[in-house]
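# Breakdown of the fold
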Amino acid sequence: MISLKKALTLSSDEILTLRAELKERIIKEKNLGAYVEQLTNSDINTHASGIPIAIKDNIQVSGWAVTSASNILQGYVAPYNATAIENLLKHGFAPFGRTNMDEFAMGSTSESSFYGKTLNPLNNAYVPGGSSGGSAAAVAGGIALAALGSDTGGSIRQPAAFCGVVGFKPTYGRVSRYGLASYASSLDQIGPITQNVEDAAILYDAIAGYDSKDSTSANIAHSSTADKLDANKKLTIAVIQNYVNDADDETKTALLKTIEKLKAHGHTIIYKNLKDSKYDVATYYIIATAEASANLSRYDGVRYGRRAECKNLSQMYINSRSEGFGEEVKRRILLGTFVLSSGYYDAYYIKAQKARAHIKAQYEAILNEADLIFMPVAPSAGFKFGELSDPLKAYLSDIYTISVNLAGLPAISVPVAKANNNLSISAQLIGKPWDELTVLNGASSLENIVKG
């Protein structure tokens, strides 16, 4: 598959040929489950021109069905474009196919989709990660040049890591959330999944910027990054030593070798620990589920999507939500409703917000001494289907990614080694707020070092 950078040099006729070839590949590889099958044929024909970009099934594209991979949104058609889509169109890109995902972006494996699971193209016995598993699998499987995903607690970086591609989460507020189906509004962020770091910078530049329609959008000037990438810039990188040591042996060995390569290429390495990581999971799942319980209350059978058979209004609410939501979504709604309920709000939600401030302060302290932070993306290279059937075990698998969202920082996952099961092992680089260029510079350097 050609790179995004190469695609930008194609003529209009060559882009049309590329789109036709890509359509054939998507249909031929439908067993991968990367795309929402019943949406594929109509959605790739909506925009007749433009460099094709796969779109996660929770981002609005006018005239397309958008379901967040849920039964409750079957039949809903987006009446407008998300701001990220409008920005893509302005830069010569075009949405091209819906990618599969965990229902309402709640999951780490893409197994909870109403449409069925997505396979990891590197090893079909393993999950592609989640929730943007379809986007990552499409790029890794050669059936997308690049894709947009969303990251609430690692949902771009983790599937990109499992599938051996690049996943970039910008600073919270850098990319408009207008038109993104809300899971946890203070955590969600749209970002690119691409074949390489330079493509990630190109796609990021296309979608970033202030948007008055999004109250959480940061009114901060955005400067392009792709034309300023400098892989030779020497940086001070803080390695989170206890996170590296706590990963499984294969991941730990690969990351330690990568650290030595970074040293050999002139980067300054310092070592730090994040000692209170046991609070990250609790803090994240209290805040995320609380916000989810509020955001998903709008799906009631009245205004959007599927309406269950009923005899009265009360039955309509109960039946529509009971039949429409999957088990994981119901679990998170119940947990979120509990922590917001009278008598528990102060005990859980307020404490979680205080813990969030503490987590952010820890990152700030380290980034006062370093340009970037280096850590694993996940404890291992991947999981087999069904391995994370225990919800608590699934939640703990996010331990290296969720704190970045709580702190609102930019972060990127870059493949650094191959695992024995043919999966990918990736490293995660985290930067200061609004300093996406340094994150991309570090990632570009890391990519070159690994390939060299």
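Now for a description of the structure that goes with this document. (Residues numbered from 1 in each chain as written. Predicted model: local features only at pLDDT ≥ 70, side-chain atom pairs only at ≥ 80, totals over all residues. Heavy atoms only, no water.)

## Observations concerning the overall build of the chain
What counts is decided by this rule: By definition, any uninterrupted DSSP run of H or I lasting at least four residues is a helix, any uninterrupted run of E lasting at least two residues is a strand, and each is numbered from the N terminus. A radius of gyration in this sense is built from C-alpha atoms; the matching globule rule multiplies 2.2 Å by the number of residues raised to 0.38. Relative accessibility thresholds used throughout: buried, under 20% of the residue-type maximum; exposed, over 50%; partly exposed, between the two (1.4 Å probe, protein chains only). All accessible areas in this document rest on Shrake-Rupley with a 1.4 Å probe, and a residue is counted as covered only by the protein chains that are shown.
In terms of helices and strands, the chain carries 16 helices and 10 strands. For 452 residues, the compact-globule estimate of 2.2 N^0.38 gives 22 Å, and the C-alpha radius of gyration of the chain, at 21 Å, lies within 12% of that figure. Seen along its three principal axes, the alpha-carbon backbone of the chain occupies a region of about 70 × 60 × 45 Å. Buried positions account for 59% of the 452 residues belonging to the chain. Counting only carbon and sulfur atoms, one obtains 50% of the accessible surface of the chain, whose full area is about 17000 Å².

## A look at the nonpolar core
Note that soluble globular proteins tend to have their nonpolar side chains buried in a common cluster. Where we set the bar: We call a set of buried residues a nonpolar core when its members are Ala, Val, Leu, Ile, Met, Phe, Trp, Tyr or Cys and they connect through side-chain atoms within 4.5 Å of each other. Should any heavy atoms of two residues lie within 4.5 Å, those residues are counted as being in contact.
Leu4, Ile53, Ile55, Leu88, Leu148, Phe374 and Ile412 are the most contacted members of the largest nonpolar core, which totals 79 residues. Looking at which element gives the most residues to this core, the answer is helix H7 (residues 197–207), with 8 residues. Sequence-distant contacts of Phe374, that is, excluding residues within four places in its chain, are made with Ile237, Ala238, Val239, Ile240, Leu255, Thr258, Ile259, Leu262, Ala427, Gln428 and Leu429.

## As for the layout of surface pockets
The method is simple in principle: a probe with the dimensions of a water molecule rolls over the atoms, and the space it marks as empty is what remains. Inclusion rule: We place a 1 Å grid over just the protein atoms. Points where a 1.4 Å probe fits but has no way out form a cavity, open points with protein on both sides within 12 Å along at least 5 of 7 lines form a pocket, and any residue with an atom within 4 Å of a point lines it. Grid points are joined across faces, edges and corners, and a volume is the space filled by probe spheres set on the points. We call Asp, Glu, Lys and Arg charged. Ala, Val, Leu, Ile, Met, Phe, Trp, Tyr, Cys and Pro are nonpolar, and the rest, Gly among them, are polar.
Estimated volume of the largest pocket: approximately 350 Å³. In terms of residue count, the dominant contributor to the lining of the largest pocket is helix H12 (residues 327–340) (4 residues). When its residues are assigned to classes, the lining of the largest pocket shows 6 nonpolar, 7 polar and 8 charged. Taken as a whole, the second largest pocket spans an internal volume of roughly 280 Å³. Gln60, Tyr80, Leu180, Ala181 and Arg298 are, among the 17 residues lining the second largest pocket, the residues nearest its centre.

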